[in-house]
Amino acid sequence: MPDHTSFHHALIVDHDQCIRCTHCVKVCPTEAIRIENGLVSIREDRCVDCGECVRACPQKAIDIDHDDLALIEHYKYRVVLFPAVFLGQFPERITEDQIYAALLKIGFTHAYEVEQPIGVLKNLIAQKVKQNRTGNPIISSFCPSVVRLIQIRYPSLCESLAPVKAPHDLVAHYVLEQLSAEGIQADEVGFFYITPCVAKITAVKTPVIEKKSIITGVISPRPIYNKIMAIADNIEPIDSMAMRRELTKEGIQWSLTNGETWWQRSKTMSVDGIHNTINFLERLENDQVNDVDFVELRACDRGCAAGVLLSQNRFLTVERLKRRARLYPNADNKLMVDGKPPFHHLESKLIANPVEPRQLFRFGNDLQKSMERMQRARNILCHLPGIDCAACGAPTCEALAEDMANGLAKMTDCVFISQLWQKEGKIAPLKAFDRMEKKWGIKRFDPDCHKKGAKNESN
Ligand code: SF4
Ligand code: SF4
């Protein structure tokens, strides 16, 4: 039986809010969601934290398990680390200095944008591309959803993932170094990362390319955004330049689509959106991609500007960041320290262990049994109608056949087969209805005019 418990994830389904509409079941790119025993269940070994289900849910029934802002009170020094896309949420009348001042006002003692050490990251990526002998292009490891996707579905591509950590880690090490120089003990400092998406919560809580993250807590951007908006207009701005001194054009745009490629001299490609990413990885795995040295993949359309936890329109965020980037220098023009880019002495903190495959065996790990189950699934599929309606609780007929072969579903879960079997006298109508109620919940078929059917528009 496939192991469904191997990954930690940050998604929580509010079963009282959920109306079992199957929107999440149908949009999940890895077919990780099912309706079982009247509830939505997420198969953790399949989920890559792309957040598509959160976007699609009309009930806002899928919530995110992030840390409470109150956690910061346990630390004497409270460092907030945030991505440039968070700053891109604010209307342009609110200045950088006001936003930094508001962050300090709401309880943090230090504030840093995480894309500051991008000069070092650029150099490391250029080095990896130059040294690459895998026969495939180097793949960016910046998007944690993409890393998970490759681990479980394209394990042979793991060796092509750039073994570099996320920039927030390096900034945290840098700040710790600065604070230590002032005589501050490491255990007095808490690092709090404002995340744009679900995947980065999981990446901090259960890191893939490092043993333990230096980050203390991961917090959702919306409550902080609301707090800042409530005070920003009337706040006395501070001179925040000391906290964003190393920021560059590349840094500000790094997490957007093309952010890791526009400055490179080698042959690069940028792909965004989870479905485009999957299509591209299929081609890459089948040796249909030639003549590319580096590939940037982002699970979200327009990169982190579309992070599911952000509230503003992604196109607007991209425009704001592009306008802001014009005011900053290129990383290569940044003041060198002993002929090296800033943060260079911390480069080793960015180098990660190679990413290990965590291949998903859809029919279990036992080869013999898995072949038998695969054949069983093929035979079952011949009898299913091929309508992919999800009324069985699985996203497609093929996924239902797979579940049946793995002993996780029954033939009568298919409403069409159930009808057919009733007509042929193979199952009593009352029993068929009992099974349907077991799958969808006792009151699922009662009249209710408040059911929402439409999918939400994403940001
Ligand atoms: S986060 Fe993505 S992969 Fe995970 S259950 Fe939701 S849609 Fe599926
Ligand atoms: S999309 Fe529908 S089935 Fe999925 S969690 Fe939301 S309400 Fe429930």
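Further up the page is the structure itself.
Reading the values: the criteria
- Residues numbered from 1 in each chain as written.
- Chains lettered and ligands numbered in written order.
- Predicted model: local features only at pLDDT ≥ 70, side-chain atom pairs only at ≥ 80, totals over all residues.
- Heavy atoms only, no water.
- Helix = DSSP H or I, 4+ residues; strand = E, 2+ residues; numbered from the N terminus.
- Rg over C-alpha atoms; globule rule 2.2 N^0.38 Å.
- Buried < 20%, exposed > 50% of the residue type's maximum accessible area, 1.4 Å probe, protein only.
- Contact = heavy atoms within 4.5 Å.
- Areas by Shrake-Rupley, 256 points an atom, 1.4 Å probe, with all protein chains shown as cover.
- Lys, Arg positive; Asp, Glu negative; His and termini not counted.
- Charge placed at Lys NZ, Arg CZ, Asp CG, Glu CD.
- Pairing = 2+ DSSP bridges.
- Axes fitted to C-alpha atoms, helices over the stretch in contact; angles between N-to-C directions.
- Core = buried A, V, L, I, M, F, W, Y, C linked by side-chain atoms within 4.5 Å.
- Domains from an automatic or database assignment.
- Near = heavy atom within 4 Å.
- Nonpolar A, V, L, I, M, F, W, Y, C, P; charged D, E, K, R; others polar.
- Salt bridge = Lys/Arg side-chain N within 4 Å of Asp/Glu carboxyl O.

Visitor: Which parts of the structure should I look at to understand the overall build of the chain?
Guide: Along the backbone of the chain there are 16 helices and 11 strands. For the chain, the C-alpha radius of gyration of 24 Å lies close to 23 Å, the compact-globule estimate for 459 residues. Taking the principal axes of its C-alpha atoms as reference, the chain extends roughly 80 × 55 × 40 Å. Looking at the chain as a whole, 56% of its 459 residues are labelled buried. Within the chain, residue pairs in contact and separated by at least 24 positions form 79% of the contacts whose partners lie at least 6 positions apart. Accessible surface, the chain as shown: approximately 21400 Å² in total, 50% of it carbon and sulfur. Positive and negative side-chain charges in the chain, numbering 59 and 58 respectively, have mean positions lying 3 Å apart.

Visitor: Please explain the sheet that holds strand 6 (residues 110–113) as it appears in this structure.
Guide: In sheet architecture, strand pairing relies on hydrogen bonds along the backbone and comes in two forms, parallel and antiparallel. Spatial strand order, 6-5-8-9: four strands in an open sheet with parallel pairing. Two strands close off the open sheet at either side, each with one partner strand: strand 6 and strand 9 (217–219). When the angles between neighbouring strand axes are averaged without regard to direction, this sheet yields 25 degrees.

Visitor: Before we go on, may I ask you to explain the nonpolar core in this structure?
Guide: What tends to happen in soluble globular proteins is that the nonpolar side chains get buried as a cluster. Core analysis: the largest hydrophobic core is formed by 92 residues, its most contacted members being Leu 81, Leu 103, Phe 191 and Ile 228. Broken down by element, the residue count for this core peaks at seven residues, all from helix 7 (residues 167–181). No fewer than three residues from each of domain 1 (11–65 + 361–440) and domain 2 (69–350) sit in this core. In this structure, Ile 228 is in contact with Phe 86, Phe 90, Ile 99, Ala 102, Leu 103 and Ile 106, ignoring residues within four places of it in sequence.

Visitor: Whenever I open this one, the pairing of strand 2 (residues 33–36) confuses me. Can you help?
Guide: In the case of a regular strand, side chains alternate between the two sheet surfaces. As paired elements, strand 2 and strand 3 (residues 39–42) share four bridges and run antiparallel to each other. When the sheet's bridge partners are listed, Ile 35 is paired in strand 3 with Val 40. Connecting strand 2 to the antiparallel partner strand 3 that follows it, the hairpin turn spans two residues, and Asn 37 within it adopts a positive phi of roughly 50 degrees.

Visitor: Where do I start with the site of ligand 1 in this structure?
Guide: Taken together, 13 residues are adjacent to ligand 1, and Cys 28, Cys 47, Cys 50, Gly 51 and Cys 53 come closest. In terms of residue class, the shell around ligand 1 is built from nine nonpolar, two polar and two charged.

Visitor: How should I be thinking about helix 6 (residues 144–153) in this particular structure?
Guide: Each full turn of the α-helix corresponds to 3.6 residues, which orients residues three or four apart in the same direction. For helix 6, the tally of buried residues reaches nine of 10 residues, placing the bulk of the element in the interior. Looking only at helix 6, the buried set comprises Pro 144, Ser 145, Val 146, Val 147, Arg 148, Leu 149, Ile 150, Gln 151 and Ile 152. Packed against the buried residues of helix 6 are strand 7 (138–139), helix 8 (198–205), helix 11 (274–285) and strand 11 (294–298).

Visitor: Hey, could you run me through the sheet that holds strand 11 in this one?
Guide: With parallel pairing, three strands are arranged side by side in an open sheet as 7-11-10. Two strands bound the open sheet, and with one partner strand each, they are strand 7 and strand 10 (268–272). As defined by bridge partners, strand 7 adjoins strand 11 across two bridges and the pair is classed as parallel. Bridge pairing links Ile 138 to Phe 294 in strand 11. Set on the sheet, helix 11 makes contact with strand 7, strand 10 and strand 11; between it and strand 10 the angle comes to about 135 degrees.

Visitor: Before we go on, may I ask you to explain the pattern of salt bridges in this structure?
Guide: A side chain with one charge may pair with a side chain of the opposite charge, provided their charged atoms come close. Tallied over the entire structure, the rule returns 22 salt bridges. With its nearest N and O atoms 2.6 Å apart, the salt bridge here joins Glu 96 to Arg 324. One end of the pair, Glu 96, is in helix 4 (residues 96–105); the other, Arg 324, is in helix 12 (residues 314–325), and 228 residues separate them in sequence. Measuring nitrogen to oxygen at the nearest pair gives 2.7 Å for the salt bridge that ties Glu 402 to Arg 362. Within this pair, whereas Glu 402 is found in helix 14 (residues 397–405), its partner Arg 362 is found in the loop between helix 12 and helix 13 (367–383), the two being separated by 40 residues in sequence. Take Glu 402: its relative accessible area is 2%, and that puts it in the buried class. The network of salt bridges with common partners includes Glu 96, Asp 97, Glu 113, Arg 244 and Arg 324.

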